[in-house]
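# Report on the structure
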Amino acid sequence: MDLFQYMNEVKKEKESPLASRLRPTTLEEVVGQQHIIGKDKLLYRAIKADKISSVIFYGPPGTGKTTLAKVIANTTSAEFTQINATSAGKKDMEEVINGAKERLGMYGKRTILFVDEIHRFNKGQQDYLLPFVEDGTVILIGATTENPYFEVNGALISRSVIFELKSLQKEDIKQLILRAVTDKEKGLGSYNADITEEALDFLADMSNGDARSALNAIELGVLTTERSDDGIIHITLETAQECIQKRVLRYDKDGDNHYDTISAFIKSMRGSDPDAAVYYLARMLAAGEEVAFIARRIMICAAEDVSNADPNALVVATSAAQAVERLGMPEARIVLAQAATYVACAPKSNSAICAIDKAMELVQQRRTDPIPPYLQDAHYKSAHKLGHGLGYQYSHSYKNHYSGQPYLPEALQGTTFYECSEQGYEAVQKAWLQKLKDEAEEI
C-alpha cells in the first residue's frame, strides 16, 4: 500500500458511517448473540483458538453478521479475503481461488473467504466454490438475510456450520446507542452530546432489533441538532422521533418473515386466539402483504381447522375473499379482521382433512375396488342388461330418508374415514348419524 492509498483508507475510516466506525474488532466488544458467542459456545471457542471452519451466518439486517466476520478477520492468522455476491463475478472468484492455492502451496497459509449476501450467488457460482471449500483451499464464511436452507446450495450447506443470528434485544440496542454517544475515538463522544432516557428507550424500541438503524438515527440526531446554551447537544424524545419516523418492518414477501408470519397467523386462528390473529394480520397488512393471499389462507384454515364444527366459517371466509377483491385496502383490513376473528373464535375440528387424507392414502396404497352394481349409473342404454342400478334403495322412500344400504365397495365396508368430533355442529351431525343407524336397525 502506497502513501496515497494509506491516506485514502484513513480518510475513509474517519468519514464512514457511525455504524461502520463502531463495528467491534474483538469478541468482547460484540453486543448480543450470546447464544452463539457466549464463552462456552462453539463459535467463541473456534474463533479464540483460530480453528474456524466453513460457516454461514444467517439473520436479519443489523444483527452482526458482517461484524462477526470482521472479528474473525482480526483474530485469525489466515489470509482474510472479502467479496460481495451482488457484484462479484467469476473472474473475482477465480482470483481469490488462485491466490488461496498459491498461499497454501508456497507458505502453508490458509485463506478465509467472506462472501457477503451469499444467497445472491446463482447455482453456478455456488457450484464453482464447492470443490475448493471441500478440499480446504478456502474456508468459507457466508452471510445472508435469507434462510440458507432455501437459498444456498445443499452441498455447501452440508460442509458448513449454520449459525442463526437473532434480532438484538432492546437492552442491547440501548447499550450500543450509549456507546455511540460517549465513545470519543470511534463514536460521537467529541460532539459533547447526551440523550434522555425517553429518547434512548424510543430509539431502542423503534429500531426493531436492527443495530444499524439505531446507530444511523442517533448519528443523524447528533449531527443535525443545535447545541443548547449549556454547550451540549441534547437528544430528546422529539429529536429521536424525527430521526426514526416509522418503525422498520422486517418482512420479505419471498423470505422467512413471509412464511413465519403467515404461519403464526394460521396457528393463532387454529389455537382460538383472536387477539394474536389480528396482531399478525396487522403485521402482514402493514408490510404490504397481498390481501388476496391472506384471504386464501383464512379460507384454508376455515376448512381445515374449523370444518363442520361450524360450517359457516367457510362461508364467512369465502365471502371475505370475494369482498377484499372488490374493496381493496384500506377497507379490506376490516373484512379480513372479521373473517380472521370469526375463524379464531369458532369451535375447532380437523375431521374433514383427516377424512380426505385417510381416504387418499388408502386409494394410493391399494387396487381400485369395484363400485357396487346398485350404485352404478343406470340411465344409459342397456345398463339394465349389465345389472347396473339394480337393487338400489332410494333413500327418500325410507324412514328418516335413510335406507341403511352400504355405499362403500364390498371389500371396504365398515371402514370409517370421517369421524365426527364432539365440537360444535359436528356433535349434532354425530348424534344424527347415530340416530339414523339405531332406528334403521329397529326396523
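To be clear, the structure that these remarks concern was listed above.
First, a word on what this report is: a plain description of the structure on this page.

Cut-offs and rules
Residues numbered from 1 in each chain as written. Predicted model: local features only at pLDDT ≥ 70, side-chain atom pairs only at ≥ 80, totals over all residues. Heavy atoms only, no water. Helix = DSSP H or I, 4+ residues; strand = E, 2+ residues; numbered from the N terminus. Rg over C-alpha atoms; globule rule 2.2 N^0.38 Å. Buried < 20%, exposed > 50% of the residue type's maximum accessible area, 1.4 Å probe, protein only. Pairing = 2+ DSSP bridges. Axes fitted to C-alpha atoms, helices over the stretch in contact; angles between N-to-C directions. Contact = heavy atoms within 4.5 Å. Salt bridge = Lys/Arg side-chain N within 4 Å of Asp/Glu carboxyl O. Expected span 1.5 Å × (residues − 1).

### Observations regarding the overall build of the protein chain
Across its full length, the protein chain carries 20 helices and 7 strands. On C-alpha atoms alone, the protein chain measures out to a radius of gyration of 32 Å, which is more than a quarter above the 22 Å that the 2.2 N^0.38 rule sets for 443 residues. Each of the three principal axes of the protein chain carries a C-alpha extent, and together these read 105 × 65 × 40 Å. Relative to its full complement of 443 residues, the protein chain shows a buried share of 42%.

### Digging into the sheet that holds strand β5 (residues 161-164)
With parallel pairing, 5 strands are arranged side by side in an open sheet as β2-β3-β4-β1-β5. Unpaired on one side and paired on the other, β2 (79-84) and β5 mark the two borders of the sheet. If you compare each strand with its neighbour and ignore which way they point, the axes differ by 15° on average. Inspection of the sheet shows β2 paired to strand β3 (residues 111-116) by 6 bridges, in the parallel sense. Paired with N84 across the strands is D116, a residue of β3. Along the sheet, helix α6 (residues 90-107) makes contact with β2 and β3, crossing β2 at roughly 170°.

### Concerning the pattern of salt bridges
Inspection of every chain in the model, using the stated rule, returns 15 salt bridges. E164 is the salt-bridge partner of K166, the closest N and O atoms lying 3.7 Å from each other. Across the salt bridge formed by E197 and K174, the nearest N and O atoms sit 3.3 Å from each other. Linking E197 in helix α11 (residues 197-206) with K174 in helix α10 (residues 170-182), this pair joins segments that are 23 residues apart in sequence. Through salt bridges with shared partners, a single network forms among K170, E171, K174, E197 and D201.

### Comments concerning the environment of A193
Within the secondary structure, A193 is located in strand β6 (residues 193-195). What makes A193 buried here is its relative accessible area of 14%. Sequence spacing of A193 and V315 is 122 residues, and the spatial spacing of their C-alpha atoms is 60 Å.

### Structural notes on unusual backbone geometry
The phi torsion of most residues other than glycine is negative, and most of the peptide bonds are trans. Here M329 and P330 are connected by a cis peptide whose omega angle stands at 10°. Mapped onto the secondary structure, P330 falls in the loop between α17 (312-327) and α18 (332-345). Even without glycine at this site, S272 takes up a positive phi of about 60°. Its place among the elements puts S272 in the loop between α14 (256-270) and α15 (274-286). By relative accessible area, which is 40% here, S272 ends up partly exposed.

### Focus: α17
Under the 1.5 Å per step criterion, the end-to-end length of α17 is 22 Å for 16 residues, consistent within 8% with the ideal 22 Å. Elements in contact with the buried residues of α17: α16 (291-306) and α18. Looking at the residues trailing α17, positive phi occurs at G328, about 70°.

### Regarding α11
Of all the residues in α11, the buried ones are A199, L200, F202, L203, A204 and M206. Packing partners of the buried residues in α11 comprise α10, β6, α12 (211-224), β7 (233-235) and α13 (237-243). Directly after α11, the chain includes N208, whose backbone phi takes a positive value near 60°.

### Here's the deal with the environment of C345
By the secondary structure assignment, C345 is in helix α18. Note on C345: relative accessible area 56%, which makes it exposed. A sequence separation of 51 residues divides C345 from I294, and the C-alpha atoms of the two residues are 18 Å apart.

### Examining the pairing of strand β1 (residues 55-58)
Burial along β1 is two-sided: V55 and F57 and I56 and Y58, pointing in opposite directions, are all buried. Pairing analysis gives 4 bridges linking β1 to strand β4 (residues 139-144), with the strands arranged parallel. Residue pairing in the sheet places V55 in a bridge with I141 of β4. Sheet analysis places β1 next to β5, joined by 4 bridges and oriented parallel. If you follow Y58 over to β5, its bridge partner there is E164.

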